[in-house]
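If you want the building blocks of each chain, they are given just below.
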Amino acid sequence: MSTEEHPAKKAKLEEKVIGTHNGTFHCDEALAVFLLRRTKAYAAAGLKRTRDPAVLDTCDIVVDVGGVYDEKTQRFDHHQRGFNEVFGHGFDTKLSSAGLVYKHFGKEIISNRFLYKEGDEKVETLWLKMYKEFIEAIDAIDNGISQYPTDLKPRYRLRTDVSSRVGYLNPAWNESVSAETVDAKFLQASAMVGTEFLDRLDYYANSWLPARDLVVAALNKRKEVDPSGRIILFEQFAPWKEHLFELEETLAIPEAEKPIYVLYPDETGNNWRIQAVPIAPESFESRKALPEQWRGVRDEALSQLSGVEGCIFVHASGFIGGNKTKEGVLRLANLALNL
């Protein structure tokens, strides 16, 4: 008879344990625990919520408690005196336990979810994007870092962000605060913020990244559209503004060659659009608006004025216009560059 231990029993005996503090919970450790359970090492890990150092010492990894940040010993707290760790890569917000875990395990989590190979540049792109758009705010809120100067009075209250919603899951003052109740609420909070993290990650991987690829391709071909390189043509619509500004910086495109107009199909109207590139992604001011004499003019009157058949409109501000054909918007763009 074999004396070898049953694999299931052996796995149970070797189950790793994540440690974090008990009591009132916050968004950072709720997300940190969720993220750890998306790694190979801690996918099946148990959880202990305690502040007892003796118990924490038995855990394989500890987050948000213990007063130690040391990757080698798998301790990821940020409350200790002298802690000033940041994400880097242009981000200077002090990290919370969420940011610490994401900094060290985020690339693995992304690779695991989409089965990306080691070294795939998409991993790095998504890792930085998710920190910027999702993790950094959690770090800042947990560390008490204001989004704007404290001498400014907010015009309204914002209490619907994910950090606030996690906070609301803590028992109210007149509800049970038994360990069982709070631990159950913590798992609920962890699942909520973790699901939102994965939803955002899925969007960036499956929608945002493909759009970025289209912008890269259009930038690379822009001098085939016009020798100046100042007209970008998309054969299908894709969100382009954010990508364009980031890629201009990444590719070090000279100021004199930065795109002025973007052309793309309006698939709902079965026609084409010409849009002036703004001076910044959120700005209403264009690098070069469509000519003043075209603004607010429509249809045949615009065709006669511009000399381009098939015109539909030019907005009164000159930031966008339309034509029935790709050739029409390209002709408008060529004319507008020189007016």
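Going by the structure above, here's the rest.
Criteria and cut-off values
- Residues numbered from 1 in each chain as written.
- Predicted model: local features only at pLDDT ≥ 70, side-chain atom pairs only at ≥ 80, totals over all residues.
- Heavy atoms only, no water.
- Pairing = 2+ DSSP bridges.
- Helix = DSSP H or I, 4+ residues; strand = E, 2+ residues; numbered from the N terminus.
- Axes fitted to C-alpha atoms, helices over the stretch in contact; angles between N-to-C directions.
- Salt bridge = Lys/Arg side-chain N within 4 Å of Asp/Glu carboxyl O.
- Buried < 20%, exposed > 50% of the residue type's maximum accessible area, 1.4 Å probe, protein only.
- Core = buried A, V, L, I, M, F, W, Y, C linked by side-chain atoms within 4.5 Å.
- Contact = heavy atoms within 4.5 Å.
- Lys, Arg positive; Asp, Glu negative; His and termini not counted.
- Polar contact = N/O pair within 3.5 Å; in protein donor to acceptor, adjacent residues only side chain to side chain.
- Left-handed = near helix turned anticlockwise from the far one by under 90°.
- Nonpolar A, V, L, I, M, F, W, Y, C, P; charged D, E, K, R; others polar.
- Phe/Tyr/Trp six-rings, centres within 6.5 Å; stacked < 30°, edge-to-face > 60°.
- Lys NZ or Arg CZ within 6 Å of the ring centre and 35° of its normal.
- Parallel < 35°, antiparallel > 145°, perpendicular 65-115°, else oblique.

A. Fine view of the sheet that holds strand β8 (residues 231-233). Reading across from one edge, β8-β9-β10-β12-β11 is the order of the 5 strands in this open sheet, with mixed pairing throughout. In this open sheet, the two edge strands, each paired with only one partner strand, are β8 and β11 (311-314). Sheet twist, expressed as the average angle between the axes of neighbouring strands with direction ignored, equals 20 degrees. The sheet contact formed by strand β9 (residues 261-266) and strand β10 (residues 271-276) spans 6 bridges and is antiparallel. Residue pairing for β10: V262 is matched across the bridge by Q275.

B. Broad picture of the pattern of salt bridges. Applying the stated criterion to the full structure yields 16 salt bridges. Close ionic contact of K326 with E235 constitutes a salt bridge, the shortest N to O distance being 3.1 Å. Of the two residues, K326 is situated in helix α11 (residues 326-337) and E235 in the loop between β8 and α9 (241-250); the sequence distance between them amounts to 91 residues. K326 sits in the partly exposed class, given a relative accessible area of 26%. R287 is paired through a salt bridge with E248; the nearest N and O atoms lie 2.7 Å apart. Taken together, the positions of R287 in the loop between β10 and α10 (299-306) and E248 in helix α9 put the pair 39 residues apart, joining distant regions of the chain. Counted as one network, the salt bridges with shared partners bring together K129, E133 and E242.

C. Representation of the pairing of strand β7 (residues 91-94). Where burial is concerned, the two faces of β7 differ: the one with F91 and T93 is buried and the one with D92 and K94 is not. When strand β6 (residues 86-88) meets β7, the two strands line up antiparallel, connected through 2 bridges. Looking at β7, one finds that G88 is bridged to F91. If you look at the hairpin formed by β6 and β7, you'll find 2 residues sitting between the two strands, and H89 has a positive phi there, around 60 degrees.

D. Geometry of the nonpolar core. Within the largest apolar cluster, 50 residues are counted, with the highest numbers of intra-cluster contacts made by L31, Y102, I110, L126, V193 and F197. Breaking this core down by element, the ones donating at least two residues are α2 (27-36), β3 (61-63), α4 (97-114), α5 (121-142), α6 (162-168) and α7 (179-220). No other element matches the 11 residues that α7 contributes to this core. Sequence-distant contacts of I110, that is, excluding residues within four places in its chain, are made with Y102, Y116, V123, L126, W127 and L201.

E. Looking closely at the side chain of D226. Looking at where D226 falls in the secondary structure, it is placed in the loop between α8 (222-225) and β8. One buried charged residue, D226, forms no salt bridge at all, with the nearest opposite charge on R230 at 8.1 Å. A polar side-chain atom of D226 sits 2.5 Å from a polar atom in the side chain of S228. Beyond its immediate stretch of four places on either side in the chain, D226 contacts I231, N334 and L337.

F. Structural view of the packing of α4 against α7. Where α4 contacts α7, the axes come no closer than 12 Å and their chain directions differ by 60 degrees. The hand of the α4/α7 crossing is right-handed. On α7, the residues touching Y102, I109, I110, R113 and F114 of α4 are F197, L198, L201, D202, A205 and N206. When grouped by side-chain class, the residues that make up the contact of α4 with α7 number 8 nonpolar, 1 polar and 2 charged.

G. Structural view of the packing of aromatic side chains. Summed over all chains, the structure comprises 16 aromatic pairs. Centre to centre, the rings of Y102 and F197 are 6.0 Å apart; their planes meet at 75 degrees, and the pair counts as edge-to-face. Pair noted here: Y102 is in helix α4 and F197 is in helix α7, with a separation of 95 residues, a long-range link. The pair Y102 / F197 is uniform in exposure class, with both members buried. Taken together, the ring pairs connect F87, F91, Y102, W127, Y131, F134 and F197 into an aromatic cluster. Its end group placed over the ring of Y42, K16 keeps NZ or CZ at 5.3 Å from the ring centre. Residue placement shows R38 over the ring face of F34; its charged tip is 3.9 Å from the ring centre.

H. Representation of the packing of α2 against α7 in the model. Direction vectors running N to C along α2 and α7 enclose 70 degrees, while the axes themselves pass 8 Å from each other. With respect to their mutual orientation, α2 and α7 come out roughly perpendicular. Facing C27, E29, A30, L31, V33, F34 and L35 of α2, the residues of α7 in contact are F186, A189, S190, A191, V193, G194, T195, F197 and L198. Of the residues that constitute the contact of α2 with α7, the class distribution is 12 nonpolar, 3 polar and 1 charged.

I. Geometry of the pairing of β9. A large share of β9 lies buried, amounting to 6 of its 6 residues. Relative to β9, β8 runs parallel, the two being bridged by 3 bridges. When the sheet's bridge partners are listed, L233 is paired in β9 with L263. Where β9 folds back onto β10 in an antiparallel hairpin, the turn is made up of 4 residues, including N270, whose phi is positive at roughly 55 degrees.

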